[in-house]
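Structure at a glance
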Amino acid sequence: MRVSKLYAPTLREVPAEAEIASHQLLLRAGFMRKASGGIYTYLPLGWRVIRKIEAIVREEMDDKGAQELLMPIVQPAEIWQESGRWDVYGAEMWRLKDRHSRAFCLGPTHEEMITTIVRNDVRSYRQLPINLYQIQDKFRDERRPRFGLMRSREFIMKDAYSFDKDEAGLEVSYKGMYEAYANIFKRCGLVFRPVEADSGAIGGSGSHEFMALAESGEAEIVFCDSCDYAANTEKAELHLIKAETETALDKEEVVTPDCKTIVDVCSYLKLPIEKSIKAVAYQSEKGLILCFVRGDHEVNEVKVLNTCDVLELEMASETALIEGNTVGGYMGPIGIDTNKVMVVVDQNVMEMSNLCCGANKEGYHFINVNPNKDFTPTHVADIRLIQEGDPCPHCNGKVEKARGIEVGQVFKLFTKYSEPLKATYLDENGKAKPIFMGCYGIGVSRTMAAAVEQYNDKDGIIWPKSIAPYHIVVVPVNVKDVETMEAAEDLYIKLKNAGVQVLIDDRDERPGVKFKDADLIGYPVRVVIGPKTLAENSAEVKMRKSGEVQMLTLDGDCVQKLIEMLEKID
Ligand SMILES: [Zn+2]
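Definitions and limits used
- Every chain's residues receive numbers from 1 upward, in the order its sequence appears when written.
- Only residues with pLDDT of at least 70 are given local features in this predicted model, and only at 80 or more are side-chain atom pairs given and counted; all residues enter the totals for whole chains, interfaces and linings.
- To obtain the side-chain values, all non-hydrogen atoms of the structure were used and water was disregarded.
- Segmentation into domains, and thus their bounds, comes from an automatic or database assignment.
- Note on definitions: a residue-residue contact is assigned when non-hydrogen atoms from the two residues lie within 4.5 Å.
- Throughout, the accessible surface (probe 1.4 Å) given up by two parts as they are put together, summed over both, is called the buried area.
- What counts as a salt bridge is simple: a side-chain nitrogen of Lys or Arg found within 4 Å of a carboxyl oxygen of Asp or Glu.
- Counted as a polar contact is a pair of N or O atoms within 3.5 Å, where, for protein atoms, one must be capable of donating a hydrogen and the other of accepting one, and residues adjacent in sequence contribute only when both atoms are in side chains.
- A residue counts toward a patch only above 30% relative accessible area and without a salt bridge, and it is joined to like-charged neighbours within 9 Å or, for Val, Leu, Ile, Met, Phe, Trp and Tyr, to nonpolar neighbours within 5 Å.
- Computed by Shrake-Rupley with a 1.4 Å probe, the accessible areas treat only the displayed protein chains as cover when residues are assessed.
- Here Asp and Glu are counted as negative and Lys and Arg as positive; His is not counted, and neither are the chain ends.
- Lysine's charge is taken at NZ, arginine's at CZ, aspartate's at CG and glutamate's at CD.
- A run of H or I in DSSP becomes a helix once it reaches four residues, and a run of E becomes a strand once it reaches two; helices and strands are each numbered from the N terminus.
- Note on definitions: the grid is 1 Å and covers protein atoms alone; a cavity is a set of points where a 1.4 Å probe fits but cannot get out; a pocket is an open set with protein on both sides within 12 Å along at least five of seven lines; lining residues have an atom within 4 Å of a point.
- Grid points are joined across faces, edges and corners, and a volume is the space filled by probe spheres set on the points.
- Residues are grouped as follows: Ala, Val, Leu, Ile, Met, Phe, Trp, Tyr, Cys and Pro are nonpolar; Asp, Glu, Lys and Arg are charged; every other residue, Gly included, is polar.
- Any two strands between which DSSP finds at least two bridges are classified as paired.
- Exposure classes here rest on a 1.4 Å probe applied to the protein chains alone. A residue is buried below 20% of its type maximum, exposed above 50%, and partly exposed in between.

All right, on to the domain arrangement of the protein chain then. Reports of interface size often rely on the accessible area that becomes lost once the parts have come together. Examined at the domain level, the protein chain breaks down into domain 1 (21-237 + 400-452), domain 2 (252-381) and domain 3 (470-568). Computed over C-alpha atoms, the centres of domain 1 and domain 2 are 38 Å apart. Counting residues at the interface gives seven residues for domain 1, matched by five residues for domain 2. Summing both sides of the interface, domain 1 and domain 2 together bury roughly 390 Å²; the carbon and sulfur share of this comes to 45%. Our enumeration of links across domain 1 and domain 2 arrives at zero salt bridges. Linking domain 1 to domain 2 there are three residue pairs in polar contact (both at pLDDT 80 or more).

A cluster of acidic residues, E285, D309, E312 and E314, forms a negative patch on the protein surface. Along the chain, D309 turns up in the loop between α7 (301-308) and β16 (314-315).

As a further point, take the layout of surface pockets. As a volume, the second largest pocket reaches approximately 200 Å³. What lines the second largest pocket is simply I241, K242, A243, E244, E246, E274, K275, R294, N348, M352, S353 and L355. Considering only residue class, the lining of the second largest pocket consists of four nonpolar, two polar and six charged.

Pairing in this open sheet of five strands is mixed, and the strands run β16-β14-β15-β17-β20 from one edge to the other. Strand pairing shows two members of the sheet lacking a second neighbour, β16 and β20 (379-381), which therefore form its edges. With four bridges connecting them, strand β15 (residues 287-294) and strand β17 (residues 342-346) associate as parallel partners. If you follow F292 over to β17, its bridge partner there is V345.

Here we take up the environment of K52. Position of K52 relative to the elements: it lies in helix α2 (residues 44-63). Judged by its relative accessible area of 15%, K52 falls in the buried class. Between the C-alpha atoms of K52 and M448, which are 396 residues apart in sequence, the distance is 9.8 Å. Dropping the residues within four chain positions of it, K52 is found in contact with S466, I467, A468, P469, H471 and Q501.

Laid out in structure tokens, this is it:
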């Protein structure tokens, strides 16, 4: 390819709306252009990277016996009504109507679509297992699309769905996909960790996310300093902390004027913070939820959502608190009518004795509260948010925190979709049974952005070789110099004929401009030819990643030598 013909319009300025490196650099280096908030065109260089990621994905998926198909983007409302998700999916689902006023959506995911296909065609256990996948655009109408390809409204995803006879089969399919994903992200050059994840809106249980580690990542993960344990912070389980047993005293109401925070109360009452209960109040579609954790702990909202089986939590208003017979700053679990209000208590609180908590009236707290004696919660569960330094749930190590970009996720769905959608098969005895399903997603466009987040410097992108748009750019310093151009063209043609993905920057531009563009776009290898190098019958080879520069003699072996250099880098 000739750079004079390449459609890769680079920008000198950092686009104002771009906050993170991948967003800035993919725009600046001419890989993509914005069409609307969270909607992008992939320009030729960006599309080459996407196609390379897709090729890796296809190879690894096919290797595990998965088969590619292509489902429609536009999906009829009926199948979503059948699964029960049409009404619960919320504003993220991009809904539309056809000319006959029939309702459709732009697919945010394809569980319903694939399940309704398979249920009509699969009859017998002999046809299972099956694993089907597609690479296609997905649509989610994000409230606030941002960070370029990280949180966009239209994005490219690989989604796969496995169908098995039973849980043992699902286990095998899941493990296969987990391995394929680890291979895919490794081959894309990403630094990543598979972490235990919450299964969120899709449902089911048993899920791992593949997190590309990056400071700009939206997800927070914890990992153990001594074993392989890693989890999304919102999922990370916590063991019960054994509290010392004490003689339970009788609870007593005490005056605590102007003590609105847990720290105020404990210092006023001269109690250690671990002897107090902290309250957090949420409003949900099932009404008011009062959550209680130890004074020095934090509430994990995802655990609360799962424990209470609700879809949304908002901070409760003063009015809602008053209706629930409590008051902000003085909330406690004693005397709350659990027929009207959910009282959710962290497992650790139930172990403690002689505690302090709010008395549900302005200016008063209780002391010497003993959970098992003094109140009855709606739910006792692990609702605590893991903190750095907490003990690992699997070993004696401690957990550390890091940030990550979710590039893939694998889910065990069990029969969550096959039951409502009636996807069954006949077993060996002719008995109808629901199919066990798994679903497996990779954010293809997000993987491109994650690679840029991990590999960039002040000059631009540093592509891992496996997904770089081209591998080598040959730069003649002056296109008007006949000798220079002859040598550059000669090397370019030879590399091209040898099957190398090579460009020649034949633009009539200053060398500085060409070098800047080469660095910005991030080709792994740059080869410069000019009168100075030709005086020594050589070219200057520079590695983008290491910055290493070496001279290459332009003899009969030079193409082979360049190919060898290329093979050595990642
Ligand atoms: Zn551990």
